[in-house]
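# Fold and contact review
Here are the chains, one letter per residue:
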Amino acid sequence: MELGFLLGSIVKILGILAYLYGLLWVLARPNRWVKLIGVVGAFGVVQLALTDFGGFQILTNFDSGLLFQACAMTMVALGLNLIYGFNGQFSLGQWGFYGIGAYTAADITYRWVNGDARGLLVVGFGTILGGLALIYIGRWLKRFRGVPVLSSFTLYLIGAILAGTVAVYIGNALNPMFEPLLGTSLNPGILNSPLALQIVFFLAVVFAGIFAAEVSFLFGLPVLTLGSDYFGIATLGFTIVVNVLMINSDTILPFPEMKGGRGMVGIPKLTTWFWAFFFMMAVIIIMRNLIQSSTGRAIISVREDEVAAKAMGIDVAGSKLLAFVVGSFFAGVGGAVYAHFIGFLSPGTFGFLQSFNPLIIIVFGGLGSMTGTIAASFGWIFFLEGLLRVLLSQMGTEAPTWRFVLYPITLLLLMLIRPQGLLGNIEWGFLKQKDVLPRETSAVDQPEVAASKA
Amino acid sequence: MTTISTILEISDLTKFFGGLGAVRNFDLTLKKGDLNGLIGPNGAGKTTVFNLITGIYEPTAGDIVFNNTSIVGLEPFEITRLGIARTFQNIRLFSNLTVLDNVRIAYHPHTKYGMADGILHNRKFDVHEKELTEKAQDFLAIFGLENLQNEIAKNLPYGQQRRVEIARALACEPRLLLLDEPAAGMNPREILELMDLIHFIHDRFDLTILLIEHQMRVVMGICKYITVMDFGQVIARGTPKEIQENERVIEAYLGKGAGHAA
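All chains use their own residue numbering, which begins from 1 and follows the written sequence. As they are written, the chains are lettered A onward and the ligands numbered 1 onward, keeping that order. Only residues with pLDDT of at least 70 get local features here, since the model is predicted, and only at 80 or more are side-chain atom pairs given and counted; chain-wide, interface and lining totals rely on the full set of residues. Hydrogens and water are ignored here; the side-chain numbers use all heavy atoms of the structure.

## Details of the overall build of chain B
Note the cut-off: The helix count covers DSSP runs of H or I at least four residues long, the strand count covers runs of E at least two residues long, and both are numbered beginning at the N terminus. Taken over C-alpha atoms, the radius of gyration is set against a globule rule of 2.2 Å times the number of residues to the power 0.38. Relative accessibility decides the category of a residue: with a 1.4 Å probe and only protein chains considered, values under 20% of the type maximum give buried, values over 50% give exposed, and everything between is partly exposed. Any two residues having at least one pair of non-hydrogen atoms within 4.5 Å are treated as being in contact. The Shrake-Rupley method, run with a 1.4 Å probe sphere, supplies the accessible areas, and residue values consider only the shown protein chains as cover. Charged residues are defined narrowly, with Lys and Arg counted positive, Asp and Glu counted negative, and His plus the chain ends left uncounted. A single reference atom marks each charge: NZ on Lys, CZ on Arg, CG on Asp, CD on Glu.
The number of helices and strands found in chain B is eleven helices and ten strands. The C-alpha atoms of chain B give 19 Å as radius of gyration, which agrees with the globular expectation for 262 residues (18 Å, within 12%). With respect to the three principal axes, the spread of C-alpha positions in chain B is 70 × 40 × 35 Å. A buried classification covers 55% of the 262 residues belonging to chain B. Partitioning the intrachain contacts of chain B with sequence separation of at least 6 by distance along the chain shows that 66% fall at a separation of at least 24. For chain B, the computed accessible surface area is about 11200 Å², with 50% contributed by carbon and sulfur atoms. Both charge centroids of chain B, one from 27 positive and one from 32 negative side chains, sit 1 Å from each other.

Put into structure tokens, the structure is as follows:
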């Protein structure tokens, strides 16, 4: 039994890696129809494997849980890799943004299915108005030379708070219009139809991501001026603050539905394989395109040498902020997807010890390697939560705790044998930078001719 | 007075690090098309002057006027975007990136597509990215580096790293180029090539160049006008010939009495 399970798990992990390789390979094809068919096929294969054919199911419910968890983790870890691996800013705050995304999206859909549209309205208007406020304040501040960071931070903060207040008023004013259409949880109205719920879920995930991004902007603006190590500590503080707020969300924050430390229950389980796949692919494509554009090169140059980057005309502070905001957006989206598959949020999940998980994954997969991050996210979840948990539980009820001894040892060995991470900076297919071929003829005049004459 | 032909005017520039006056009452004027040198013994404050011009340090007092606008208090990247590029004394390439990417990064401020185009990888991105890559390759070709474009920068030999750094600085499309000891660590043959190269880029890109150098044959060979610093102050100015005969300069380099002995 154990041997069979072990072999089965290894086959599954290898299968997933082969699947990821194939997916990235097909995405790299130049023909856009081949690409489209490939992606739809990749989606369909797993969808079929998840389908229950009268008792026969290739991927069990346990596996599908792991799969969704791995998708969420991929998004979070890719975001962190953008911040730490590509931009060089050591951050432990990713888990806080993950939590913010999870709770925000969960609150929107929870309220919606319970006949309260304020969650969506307030968060929706809040993020849009807040985003506009931040953009316009930023444009206005550009007119001045040498504005201290804390002054601009104060202005941004005031703008964001005003936008939030306005959003609360709008939400309260518009809510009565929605109430009759929503119905109650026992007697759902037209806006609680399955289709409407899917749209609300999509909006909830996007708004949760944007909200996390806006929080990260406000937090990052003053904190990113700190040096790398200090920034790490400050972001750790952020994760702890978010966690404490979660634990006390029903007492010091006005969110009784989050139930504080007891954990938020009754979140509609809206994450299907379609959504998990959709958001994960969106994150992968956005990040890959960003990295391979001029903006991405600017982000990487900051990691390589800040002084030289400045001397090359790159707005170092701006690049850091951009990477941090985009990375947090990914974390927020990942959190939202996670919340709707697990259906239950406990502050314990977002504690600061767990905040090291994405960090371990990106170091394991290779800093600055997107492929490594994706592979490590899937590998990590399936190895730690899948294989080891089941395998060790055969040896006694307390034995699963041993996985927290086994995997640090694995990590230690990897760091000794391959300090650059599992994949180093190898990228697969779609994620690989296209080689630029040297040009055949050079029509440019060269000084070498003069040198040889001299 | 600042006139049209003046590109850089530094007046009374002073920088104190705590109680240490690294640069004191430094004056310098560059006209368009100048190829001037800044020399002085170790620790004279030459690199500090460069760091003050490029905004890495903020001056304690004094003014720096570039193209008739004061650049004191601007961020380094803003100064670069105005048209001042530099190289570093200890090479500061983006060492884990390819040679081509090193040059392409310098193009970032001039990129004609935005972040949104980059994320979408749309047609605008394709067109301008190709254009940008070709421009970067042009620069590499000028420096004879076109075949090394896909090499990782840190794997190149020293002399070529210097060339990449100059190519990268030129890709910023500067009006004024500051070279900090470009010949450091080069062998005599490489130095000859470098001198040709500096002349070449000076003419071809219509540049104004200010260079710090210890190798006297470089300075005396290519600079039209030289400023000598010692202990943060200007001790002499003049043509290479005048400088070579200046007593104070010889004293600063070789010590008191050496001038008489020579």
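## Notes on helix H7 (residues 188–204) of chain B
Residues and elements named next belong to chain B. Quick reminder of the rule: The span one expects for a helix is its residue count, reduced by one, times 1.5 Å.
An ideal rise of 1.5 Å per residue puts 24 Å on 17 residues; H7 measures up with 24 Å between its terminal C-alpha atoms. Among all positions of H7, only Ile191, Glu193, Leu194, Met195, Leu197, Ile198, Phe200, Ile201 and His202 are buried. Remark: Asp206 follows H7 within two positions and exhibits a positive phi of approximately 60°.

## Some thoughts on the nonpolar core
Rules: Remark: nonpolar core denotes a set of buried residues (Ala, Val, Leu, Ile, Met, Phe, Trp, Tyr, Cys) joined through side-chain atoms within 4.5 Å. For the domains described, the bounds stem from an automatic or database domain assignment.
Judged by nonpolar contacts, the single largest core of 187 residues is most densely connected at Trp273(A), Leu345(A) and Phe378(A). Lining this core are residues from two domains, each supplying at least three of them: domain 1 (6–83 + 174–261) and domain 2 (99–168) of chain B. Aside from chain neighbours lying at most four places away, what touches Leu345(A) is Ala102(A), Tyr103(A), Ala106(A), Gly263(A), Met264(A), Ile267(A), Tyr338(A), Ala339(A) and Phe350(A). One finds Leu8(B), Ile10(B), Ile84(B) and Met229(B) within the second-largest nonpolar core, a separate group that totals 25 residues.

## Remarks on the sheet that holds strand E6 (residues 84–86) of chain B
Remark on secondary structure: sheet strands pair via backbone hydrogen bonds, oriented parallel or antiparallel. Residue and element names in this part refer to chain B. Cut-off, in case you're wondering: At least two DSSP bridges between two strands are required for those strands to pair. Every axis in this analysis is a line fitted to C-alpha atoms, fitted for helices over the stretch in contact. Angles between the N-to-C directions lie between 0 and 180 degrees.
Across the sheet, which stays open at both edges, the six strands sit in the order E6-E7-E8-E3-E9-E10 with mixed pairing between neighbours. Edge strands, defined here as strands with exactly one partner in the open sheet, are E6 and strand E10 (233–238). For this sheet the average axis-to-axis angle between neighbouring strands, irrespective of direction, equals 20°.

## Details of the UniProt feature "domain: ABC transporter" (unreviewed entry) in chain B
Defined as follows: UniProt positions are given in the numbering used here, feature names are shortened, and annotations may be inferred rather than shown by experiment.
The sites that carry the UniProt feature "domain: ABC transporter" (unreviewed entry) are, in the present numbering, residues 8–256 of chain B. Secondary structure across residues 8–256 of chain B comprises 41% helix and 24% strand; the distance between its end C-alpha atoms is 34 Å.

## Notes on helix H8 (residues 228–247) of chain A
Each full turn of the α-helix corresponds to 3.6 residues, which orients residues three or four apart in the same direction. Residues and elements named next belong to chain A. The cut-off we apply is this: By arc we mean the arc of the directions from the helix axis to the C-beta atoms, nothing more.
With 20 residues, H8 ought to run about 28 Å at 1.5 Å a step, and its terminal C-alpha atoms sit 29 Å apart, in line with that. The complete set of buried residues in H8 reads Phe231, Gly232, Thr235, Leu236, Phe238, Thr239, Val242, Asn243 and Met246. End-on view of H8: buried residues confined to an arc of 150°, all on one side of the axis. With respect to the buried face of H8, the exposed residues turned more than 90 degrees away are Asp229, Tyr230 and Ile233.

## Here we look at a nonpolar patch on the surface
Residues and elements named next belong to chain A. We apply this condition: Like-charged residues within 9 Å of one another, or nonpolar side chains (Val, Leu, Ile, Met, Phe, Trp, Tyr) within 5 Å, are grouped into patches, provided each residue has over 30% relative accessible area and no salt bridge. What counts as a salt bridge is simple: a side-chain nitrogen of Lys or Arg found within 4 Å of a carboxyl oxygen of Asp or Glu.
The grouping of Trp402, Val405, Ile409, Leu412, Leu413, Leu416 and Ile417 at the surface amounts to a nonpolar patch, some 780 Å² of accessible area in total. Along the chain, Leu416 falls in helix H15 (residues 403–417). Leu416 sits in the exposed class, given a relative accessible area of 68%.

## As for the interface of chain A and chain B
The test is simple: Once two parts are brought into contact, the accessible area they lose, counted with a 1.4 Å probe and summed over both, makes up the buried area. When residue character is reported, Ala, Val, Leu, Ile, Met, Phe, Trp, Tyr, Cys and Pro are called nonpolar, Asp, Glu, Lys and Arg charged, and the others, Gly included, polar.
Of the residues lining the interface, 40 residues belong to chain A; the matching set on chain B comes to 51 residues. A buried area of about 3900 Å², summed over both sides, lies between chain A and chain B, and 59% of it is on carbon and sulfur atoms. On inspection of chain A and its partner chain B, the count reaches two salt bridges. A salt bridge links Glu129(B) to Arg297(A); the shortest N-O distance between them is 2.9 Å. Contributions of two or more residues to the side of chain A that touches chain B are made by helix H9 (273–291), helix H10 (294–304), helix H11 (306–311) and helix H16 (448–453) of chain A. Looking at the side of chain A that touches chain B, the element that brings in the most residues is H10(A), giving eight residues. When grouped by side-chain class, the residues that make up the side of chain A that touches chain B number 19 nonpolar, ten polar and eleven charged.

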